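If you want the building blocks of each chain, they are given just below.
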Amino acid sequence: MSSREIFILAITWIVMSPFWFWAENIALGIIWLCGGVIELFIALVRRSKEKKNK
C-alpha cells in the first residue's frame, strides 16, 4: 500500500471509532481508535521516507 492509501485508511478508522463508542461497544471503539492512530503514524513515516528518496 502506498502512504496515501494507508493515510486514508487511518482517517477512516479514526472517524469510525466514535460510532463504536456510540453503539456501546467500547472495546471495539478503542481498538479502532488505536488502529487508526497506528496506521496514521505508519503513513506519516512512509511519506517522509518517500520524500527523502526523491
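The structure reproduced in this document is the subject of the present report. All of these numbers come straight from a predicted model, not from anything done at the bench.

Here we look at the overall build of the protein chain
If you tally the helices and strands in the protein chain, you get 2 helices and 0 strands. Summarising its shape, the C-alpha atoms of the protein chain cover approximately 45 × 15 × 15 Å along the three principal directions. The buried share among the 54 residues of the protein chain stands at 17%. Sequence-distant contacts, at least 24 apart, represent 51% of the contacts inside the protein chain between residues at least 6 apart. Surface exposure of the protein chain reaches about 4400 Å², of which carbon and sulfur atoms provide 70%. One finds the centroid of the 7 positive side-chain charges in the protein chain at a distance of 15 Å from the centroid of its 4 negative side-chain charges.

A look at helix 2 (residues 26-53)
A rise of 1.5 Å per residue sets the reference length of helix 2, with its 28 residues, at 40 Å; its end C-alpha atoms lie 41 Å apart and thus fit the reference within 8%. Regarding helix 2, the residues found buried are Gly-29, Gly-35, Gly-36, Glu-39 and Ala-43. Against helix 1 (3-22) lie the buried residues of helix 2.

Here's the deal with a positive patch on the surface
A cluster of basic residues, Arg-4, Arg-47, Lys-51 and Lys-54, forms a positive patch on the protein surface. Relative to the helices and strands, Lys-54 is located in the segment after helix 2.

Some points on unusual backbone geometry
At Glu-24, a position not held by glycine, the phi torsion is positive, near 60°. Summarising the element assignment, Glu-24 is placed in the loop between helix 1 and helix 2.

Examining the side chain of Glu-39
Within the secondary structure, Glu-39 sits in helix 2. No salt bridge is formed by the buried Glu-39; the nearest opposite charge belongs to Arg-46, separated by 7.6 Å. Once you skip the residues sitting within four places of it in the chain, Glu-39 turns out to touch Ile-6, Leu-9, Ala-10 and Trp-13.

Definitions and limits used
- Residues numbered from 1 in each chain as written.
- Predicted model: local features only at pLDDT ≥ 70, side-chain atom pairs only at ≥ 80, totals over all residues.
- Heavy atoms only, no water.
- Helix = DSSP H or I, 4+ residues; strand = E, 2+ residues; numbered from the N terminus.
- Buried < 20%, exposed > 50% of the residue type's maximum accessible area, 1.4 Å probe, protein only.
- Contact = heavy atoms within 4.5 Å.
- Areas by Shrake-Rupley, 256 points an atom, 1.4 Å probe, with all protein chains shown as cover.
- Lys, Arg positive; Asp, Glu negative; His and termini not counted.
- Charge placed at Lys NZ, Arg CZ, Asp CG, Glu CD.
- Expected span 1.5 Å × (residues − 1).
- Patch = residues over 30% accessible without salt bridge, like charges linked within 9 Å, V, L, I, M, F, W, Y side chains within 5 Å.
- Salt bridge = Lys/Arg side-chain N within 4 Å of Asp/Glu carboxyl O.

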